[in-house]
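Residue-level listing of the chains:
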Amino acid sequence: MYRILVCIPLLLLALPRPLASQENAPWSIWQTPSTRNFAVIQQQAEAWFANNPRGKHSGYKQWKRWEYATQRRLLPNGEIANCAALNWKAYQKSAHRPADQRGQVYGGTWDQLAPLDGYVGTSGNPGLGRVNVIAFHPSDPNTVFAGTPAGGLWKTSNAGVDWIPLTDGIPSIGVSGIVVHPTSPNTIYILTGDGDGAHTPSIGVLKTTDGGLNWANTGLTWDVTELNRGYKLVMHPDNPQILLVACNDGLLRTTDGGTVWDTVFAGNFYDIEFKPDNPTVVYAARNDRFYRSDNSGATWTEYDSGLPTGESRIAIAVTPDNPDYVYYLAGPGGPTGSFKGLYRSVDSGETWAVRTTTPNILDGSVAGDASCASGCDQATYDLAIAIDPDDAEEVITGGINLWRDENGGGTLLQLVAHWIIGYAPQFVHGDIHELVFQDNNTLWCGSDGGIFRSTDDGVTWQDMSSVGSNGLLATQFYRIAGVPGNANLMIGGTQDNGTNKWTGGSTIWHFAGADGMDCMIDHSNWDVLYLSTQNGGLRKSTDGGLTHNPIKPGNSNGGWVTPMVMDPINPQRIYAGFRDTVWRSDNGGSSWTPTVTTITLATIQSLAIAPSDPDRIYAAKSNNIYRSDSIGVGWTEITATLPVAGMAVNITRIAVDDGNPDEVWVTLSGYTAGQKVYYSDNAGLSWTNVSGSLPNVPVNCIAYDSVQTNDNAIYVGTDIGVFYRDAALGDWVPFRNGLPVVPIRDLEIHASAQKLRAGTFGRGIWESDLYDACPNYWFLTNGTLTGSGVQGHRYYQAAIDIVSGRDLYGGIATNVIYQAANSVILTEGFQAHAGIQLFEARTGPCGGGVPPEGLQVLVDLAVPPGIGLQPVSVTKNE
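Bear in mind the structure is a predicted one, so any value in this text is a computation, not a measurement. (Residues numbered from 1 in each chain as written. Predicted model: local features only at pLDDT ≥ 70, side-chain atom pairs only at ≥ 80, totals over all residues. Heavy atoms only, no water.)

## A short note on the pairing of strand 29 (residues 443–447)
Side-chain positions along a regular strand alternate between the two faces of the sheet.
Okay, step 1: Summarising burial for strand 29: five of the five residues are buried, a large majority.
Okay, step 2: Of the two faces of strand 29, the one holding Leu443, Cys445 and Ser447 and the one holding Trp444 and Gly446 are both buried throughout.
Okay, step 3: The pairing of strand 28 (residues 432–437) with strand 29 spans five bridges and is classified as antiparallel. Within strand 29, the position partnered with Phe437 by the bridge is Leu443.
Okay, step 4: Adjacent in sequence and paired antiparallel, strand 28 and strand 29 are bridged by five residues.
Okay, step 5: Pairing geometry for strand 29 and strand 30 (residues 450–454), over five bridges, is antiparallel. Note that in strand 30 the partner of Leu443 across the bridge is Ser454. (Buried < 20%, exposed > 50% of the residue type's maximum accessible area, 1.4 Å probe, protein only. Helix = DSSP H or I, 4+ residues; strand = E, 2+ residues; numbered from the N terminus. Pairing = 2+ DSSP bridges.)

What follows is the structure, given as structure tokens:
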């Protein structure tokens, strides 16, 4: 047996820092909460929005996103926690099982299904996923890095034509800061988490010294009790040992390359910049304050002469063309507040003068003159500014749209790109999180829809997310839906990038905007599509997506993701779960009837129809579940023996046996250990806990596998991947070979194709063969999408042979095991790099766990990790 053991740092425990005070409601209610009690935060936010605007750009959408995600990731006592740190620990624990369990096979043959290289269509505001931050290689202009909120770190080596992921082996990773060492560019630091949207909390700063192949913790490592959001990471240009982080917990500084970090200033900081000609001078901005340091960030002094007050967020920018210039872009001061203005200092921040306060370059209109009656304060979610490196008067700003000025902001800024196609000279997806010059002419933009580039100082733009064959595939799917009669037809709802349709090619077709949610395809007429936007905006298309119209029942409101289901026999009968009840339509949504309201008022979160008895419907809200035996005419609560009363969990999804309407499963959210999946064989009269060895992470979705010969075959999607169980196994096995470690929001089985599809929140749609306890062969090569090898925990077993020519990278603490009954052959191209904690190639029977001593061969290969292995065959020793 050939074994590589490499130790890497574990998560370091850190003392919790005090939460920042609430500074600018409503954002601070959930961004910097005064309590960890989720119910209290929820009450505070809803009370605010009950008396303030809830329209576009008011912050209400961002609140509902946060509420939806956080409510499903609570501690047993109902408090919020750092779910990224919890997922990390659970992933490590599930990988490092005791010796007698280490041989557990990892099922799955996952490959990305859609999108593969981009999108088509011109509806509204298409895109592939949000980009938070962009950074550059110091000497190779073709190498660019991009950080996404849930899909990790990405790299292009051909100036944005193709992209590869670098962190697929790290669980639930978001990236909000990137710095590359100026003289050793293989050394890269990333500030983890999603600062702007809080989809993934930060676990601190990670570091790689081999260009992103393997990652390790730095000394800035936040634990489960620390609710930190990171916004900016910078490196001293002359002393790479000095790094600074701007986050909601203050300004943090290291002087030894990341080993030790100190809090040098408390507060909620959004931005930080070094003075171009003198990096001992550093500028930093809170929500409404500006500070300067004259000793490389060790101490700080506030400067406010000429500046406004009460703004919600500040973005700052500098330029080497005039190093004394500092620009200060001030976001609005409240949900109906006006644009605070663009200010400039010509003396390194000591004094300030206003450049302009009009138009309102932060609203979404073409002229910057939209009424703020419905709310205009989105600045806390996205705000950006960049100054041309060789022209200190050339300014470009980003809020919802892109605006440009060649007079230092002193004249009327010009709209250069709008968030909706056709509303301006050109389209750039709305909500600008990053603007950064790569050189004197090349400017990059990170938005809710991907990454854009200008080569003429921001005058014209090109979408670089999907130029080549490998796009920046960071799409965040909420729901996916297929149709039994066509394995090459799916639709899916995504965050920020609407509803999309896949027809078997390498692209997806964007045909509806907003946030896309639950969706369905008519199984008798594939041109009939049902889709939805946030909070119950149901719509229907009868021409395959070319047009679509609202079919929402009455004035009902739904949850952030409003569930809908279709009768498996009669596609005209559909159901939708809203805040007041389950609604039924018998004519495809033309009219609706509320079902009998024995379900107490609350938001319906999950619906399921029994395939073998369409009269049987199950519905769940919070941690209560109900059953109707007659198309919603009468409901019976069946929660009594489901032991979830008083628990901080939600019933996330429901699955019903294809052949028996009485067999039903429910999945649970939250971090209550051992409370993940329950099963009933009598229509909910009693429930059995089948959580077994599932890791203590939220379970988001479930799919029943009618193809398997083993009884009760089900898959569940969690925050750290997919797991499989059937009655013969009696417990769960990981089903994630080849799957990035991202949250799985939806699962669907295409029975005739014998494929399992997964809608991930951050890495698009993936597909695997269904569970096979023991395939005859594995032929493993590098994936065409990853391009940089394979990361993450993997365990392959075969009844005959395994042949692998793969590059194996570490992610963090990666185990890779090959076990075959006959032989394991490592062919040319195989490498096990230093980040691999454990690599084993061994012989043994399928399902046998760690094989007996008589069936394994020890192979002594004196090759250092990372150098590569010569082709070698490991053959069964008779």
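Once the structure has been displayed, the description carries forward.
## Description of the environment of Asp196
Okay, step 1: Tracing the backbone shows Asp196 in the loop between strand 9 (188–192) and strand 10 (204–208).
Okay, step 2: In this structure the C-alpha to C-alpha distance between Asp196 and Asn132, which are 64 residues apart in sequence, comes to 7.8 Å.
Okay, step 3: The residues touching Asp196, leaving out its near neighbours within four places in the chain, are Gln31, Arg130, Arg229, Tyr231, Arg313, Thr380, Tyr381, Asp382 and His433.
Okay, step 4: Reaching out from Asp196, the side chain makes a polar contact with the side chain of His433 at a distance of 2.6 Å. (Contact = heavy atoms within 4.5 Å. Polar contact = N/O pair within 3.5 Å; in protein donor to acceptor, adjacent residues only side chain to side chain.)

## Concerning the sheet that holds strand 37 (residues 529–533)
Okay, step 1: As summarised here, the arrangement of the four strands in space is 36-37-38-39, forming an open sheet in which the pairing is antiparallel. One side of each edge strand has no neighbouring strand; the edge strands of this open sheet are strand 36 (520–521) and strand 39 (549–550).
Okay, step 2: For strand 36 and strand 37, the ladder comprises two bridges, and the chain directions are antiparallel. Counterpart to Met520 in the pairing with strand 37 is Tyr530.

## Quick word on the sheet that holds strand 9
Okay, step 1: A sheet is described by the order of its strands in space; here four strands give the open sequence 8-9-10-11, paired in antiparallel fashion. Looking along the sheet, the strands with just one partner apiece sit at the ends: strand 8 (175–180) and strand 11 (216–221). Pairwise comparison of adjacent strand axes, ignoring direction, gives a mean angle of 25° for this sheet.
Okay, step 2: Of the pairings in the sheet, the one linking strand 9 to strand 10 comprises four bridges and is antiparallel in character. Paired with Ile188 across the bridge in strand 10 is Thr208. (Axes fitted to C-alpha atoms, helices over the stretch in contact; angles between N-to-C directions.)

## Details of unusual backbone geometry
Okay, step 1: The step from Ala114 to Pro115 runs through a cis peptide bond, and the omega angle for that step is -15°.
Okay, step 2: Position of Pro115 relative to the elements: it lies in the loop between strand 2 (111–114) and strand 3 (118–120).
Okay, step 3: Here the bond from Thr358 into Pro359 is cis, since omega is -5°, no more than 30 degrees from zero.
Okay, step 4: Note on placement: Pro359 falls in the loop between strand 23 (353–356) and strand 24 (384–388).

## Quick word on the pairing of strand 49 (residues 664–668)
Okay, step 1: With five of five residues buried, strand 49 is to be regarded as a mostly interior element.
Okay, step 2: Residues Val664, Val666 and Leu668 of strand 49 are buried on one face, and the alternating residues Trp665 and Thr667, pointing to the opposite face, are buried as well.
Okay, step 3: Where strand 48 (residues 651–656) meets strand 49, five bridges bridge the pair, whose relative direction is antiparallel. Opposite Ile651, over in strand 49, you have Leu668 as the bridge partner.
Okay, step 4: With four bridges joining them, strand 49 and strand 50 (residues 677–680) adopt antiparallel strand pairing. Note that in strand 50 the partner of Trp665 across the bridge is Tyr679.

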